[in-house]
Amino acid sequence: MMQLRLILLWILVGIPLIWGVLRTLENAMKLFQ
Amino acid sequence: MPSFLDRQRTVAPPGYNRFAVPPAALAVHLSIGQAYAFSTFNLPLSKLIGISKSAPDDWTLVQLGWIFSIAILFLGLSAAVFGRWVESAGPRKAMLAAAVCFGGGFLVSALGISQHQLWLLYLGYGVLGGCGLGIGYISPVSTLIKWFPDRPGMATGMAIMGFGGGALIAAPLSVKLMDHFKSATSNGVLETFVTMGILYFVFMTIGAIVVRVPADDWRPAGWVPPSQPKKLVTTANVEVHTAFATPQFWLLWIVLCMNVTAGIGVLGQASPMIQEMFTGRVTAAAAAGFVGLLSLFNMAGRFIWASTSDYIGRRNTYIVFFVLGIALYFSVPSIGRAGSMPGFVIAFAVILSMYGGGFATIPAYLRDVFGTLQVGAIHGRLLTAWSTAGVLGPVLVNYLRQAQIDRGVPKAQAYTVTMYIMCALLLIGLIANLLMRPVDSRHHYAGSGTGGTG
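Source: prediction; values computed, not measured. (Residues numbered from 1 in each chain as written. Chains lettered and ligands numbered in written order. Predicted model: local features only at pLDDT ≥ 70, side-chain atom pairs only at ≥ 80, totals over all residues.)

Draft legend 1. How the structure looks around the overall build of chain B. When its secondary structure is counted, chain B shows 16 helices and zero strands. In terms of overall size, chain B behaves like a compact globule, its C-alpha atoms giving a radius of gyration of 22 Å where 454 residues would be expected to give roughly 22 Å. Projecting the C-alpha coordinates of chain B onto the three principal axes gives extents of approximately 65 × 50 × 35 Å. Buried residues in chain B amount to 54% of all 454 residues. Contacts in chain B between residues at least 24 apart in sequence constitute 82% of all its contacts with a sequence separation of at least 6. (Helix = DSSP H or I, 4+ residues; strand = E, 2+ residues; numbered from the N terminus. Rg over C-alpha atoms; globule rule 2.2 N^0.38 Å. Buried ≥ 20, exposed ≤ 12 C-beta atoms within 10 Å, placed from the backbone. Contact = placed C-beta atoms within 7 Å.)

Rendered as structure tokens:
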């Protein structure tokens, strides 16, 4: 139960963070175009 | 009977996995990190009446710029003033208070937008939201340090990385929400404020519910405190009022202030700087990409440098920041003259990683020097260095650039003096860091235990 809760918590904060990082990376790539 | 919010109710049961605490801290820091992306609202807020372009009665960008400045001012003030309360109330109550202030700040600002009353935005996002920023920023710090006595840098670095990451989420999210809500009569900013206020309140409240503090006698499995601690790592504790009167506090204040000043001015001027130093070679879109890249290094540096400090020591980490920073700032004018854009980008990416690293390593440095008893409150007071640097950095960069241009220096070379001034600031930080010594034992807390302050 503790393990499941741990995984869910990391997913909860990980998904928005990864989404934001990817959007920023997409924008950053314009520097090299 | 203790309430759900009290510290006693947040003590973790035996067998609790400590890696559940960093996501709780991240939920708060990812939310309040939105502050760095507030500028995405400035243009839409300046067109509330005119919609497609500013009308005469619309707010100006100068008036709107004060919202962010007030928020950062109140971040520093509230962290300093409420630091002791955060320690005694425990992380759950403090995180919830931060959620109410930060989410509520958005809602009060939304009311200001609907009534077109600018003072409500100053009060809402600026004062109330700023208090949410300050309380939220320091609330998980001492809890994480107590959960990870073996890796305090990594633990606080993970949370403070969230503050850098929050802007990466908020900037595209704000744009998407405003696009979604815009209509012929509204540019969607009011609805976006309401949505974000509710969203951040819920997200931060989840963090408050999840957070746990370790029992006073808890230790990580198999971990034994080192029998011979390093010279600058104390096993004693110093109270916040006592710490405030020690030279060590003020030396660290200078260390943080100089490190932040050197980075924050560049971060604010990164887009025009790269366009002016490489005239005709960098478009506005590419410059925006440069700013994005710096934000990524700012975020990554928080985790990487703070984790590294667990191995090489806090003082050595800051020595690297200052020595490498001086070398990089000193070489930037030559890199610009040589026309090497990759060199320029790499130099500033490393500088910004050390800017983030400075924020993330300071809580562990404070813990090494003053102990864990009131480290959150001491951290809160030290954040006034951030507020100071927030004014000093941009003023220095903008003023010096303008002064150079007024003297007839070409725009491409207008930053040369600024870079050398940054070297001087970093040298001051380096000297302050080298002067760090353990706190005299007469300042040590005479009481027993770790204070039970969460």
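From this point on, the discussion continues.
Draft legend 2. Representation of the overall build of chain A. Tallying secondary structure elements over chain A gives one helix and zero strands in all. The principal-axis extents of the C-alpha atoms in chain A amount to approximately 50 × 10 × 5 Å. Among the 33 residues that make up chain A, the fraction classed as buried is 24%.

Draft legend 3. Structural view of the packing of helix α1 (residues 2-28) of chain A against helix α11 (residues 284-312) of chain B. Running from N to C, α1 of chain A and α11 of chain B point in directions that differ by 140°, and their axes come no closer than 7 Å. In terms of their interaxial angle, α1 of chain A and α11 of chain B are classed as oblique. By crossing handedness, the relation of α1 of chain A to α11 of chain B is classed as left-handed. Taking contact as the criterion, the partners of V21, T24, L25, N27 and A28 of chain A in α1 of chain A are, on α11 of chain B, A288, G289, G292, L293, S295 and L296 of chain B. (Axes fitted to C-alpha atoms, helices over the stretch in contact; angles between N-to-C directions. Parallel < 35°, antiparallel > 145°, perpendicular 65-115°, else oblique. Left-handed = near helix turned anticlockwise from the far one by under 90°.)

Draft legend 4. Expanded view of the packing of helix α4 (residues 91-115) of chain B against helix α8 (residues 189-210) of chain B. All names here are of chain B. Relative orientation of the contacting elements α4 and α8 amounts to 175°, with a least axis distance of 8 Å. Comparing the axis directions of α4 and α8 gives the class roughly antiparallel. Taken together, the residues that form the contact of α4 with α8 break down as 19 nonpolar, six polar and one charged. (Nonpolar A, V, L, I, M, F, W, Y, C, P; charged D, E, K, R; others polar.)

Draft legend 5. Representation of the interface of chain B and chain A within the structure. Chain B puts 21 residues into the contact, and the matching count from chain A is 20 residues. If you list the elements that add at least two residues to the side of chain B that touches chain A, you get α1 (21-32), α7 (152-181) and α11 of chain B. It is α11 of chain B that contributes the most residues to the side of chain B that touches chain A, nine residues altogether. For the side of chain B that touches chain A, the per-class residue count stands at 16 nonpolar, five polar and no charged.

Draft legend 6. Layout of α4 of chain B. All names here are of chain B. A rise of 1.5 Å per residue sets the reference length of α4, with its 25 residues, at 36 Å; its end C-alpha atoms lie 36 Å apart and thus fit the reference within 8%. Here α4 lies mainly inside the structure; 19 of its 25 residues are buried. At the exit of α4 stands H116, carrying a positive phi of roughly 50°. (Expected span 1.5 Å × (residues − 1).)

Draft legend 7. Representation of α11 of chain B within the structure. Residue and element names in this part refer to chain B. Look at α11: 40 Å from first C-alpha to last across 29 residues, which is about the 42 Å you get at 1.5 Å a residue. Remark: the principal bend of α11, roughly 30°, maps to G301. Just past α11, the residue G313 takes up positive phi, approximately 95°. (Bend = angle between axes of the 7 residues up to and from the residue.)

Draft legend 8. Structural context of the domain arrangement of chain B. Residues and elements named next belong to chain B. What the domain assignment lists for chain B is domain 1 (7-210) and domain 2 (240-440). One C-alpha centre belongs to domain 1, the other to domain 2; they are set 23 Å apart. Taken together, the elements giving at least two residues each to the side of domain 1 that touches domain 2 come down to α3 (61-89), α6 (141-147) and α7. Looking at the side of domain 1 that touches domain 2 element by element, the count peaks at 12 residues for α7. Looking at the side of domain 1 that touches domain 2, its residues break down into 17 nonpolar, eight polar and four charged. (Domains from an automatic or database assignment.)

Draft legend 9. Structural detail: the environment of L4 of chain A. Residues and elements named next belong to chain A. Here L4 lies in helix α1. With 8 C-beta atoms packed within 10 Å, L4 lands in the exposed category. Sequence separation between L4 and V21 is 17 residues; the distance between their C-alpha atoms is 25 Å.

Draft legend 10. Here's a closer look at unusual backbone geometry. Residue and element names in this part refer to chain B. Positioned with a positive phi, I51 is a non-glycine residue whose angle comes to about 60°. Relative to the elements of secondary structure, I51 occurs in the loop between α2 (42-45) and α3. You will see that H116, though not glycine, has its phi angle at about 50°, which is positive. Here H116 shows up in the loop between α4 and α5 (118-138).

Draft legend 11. Spotlight on the nonpolar core. All names here are of chain B. Core analysis: the biggest nonpolar cluster contains 154 residues, and A98 and M204 have the highest contact counts within it. Looking at which domains feed residues into this core, each of domain 1 (7-210) and domain 2 (240-440) gives three or more. Sequence-distant contacts of A98, that is, excluding residues within four places in its chain, are made with V28, G132, I135, G136, S139 and M204. (Core = buried A, V, L, I, M, F, W, Y, C linked by C-beta atoms within 7 Å.)

Draft legend 12. Representation of the environment of K53 of chain B in the model. Residue and element names in this part refer to chain B. Its location among the elements puts K53 in the loop between α2 and α3. Assessed through the 8 C-beta atoms surrounding it within 10 Å, K53 is described here as exposed. Residues K53 and L43, 10 residues apart in the sequence, show an inter-C-alpha distance of 9.4 Å.

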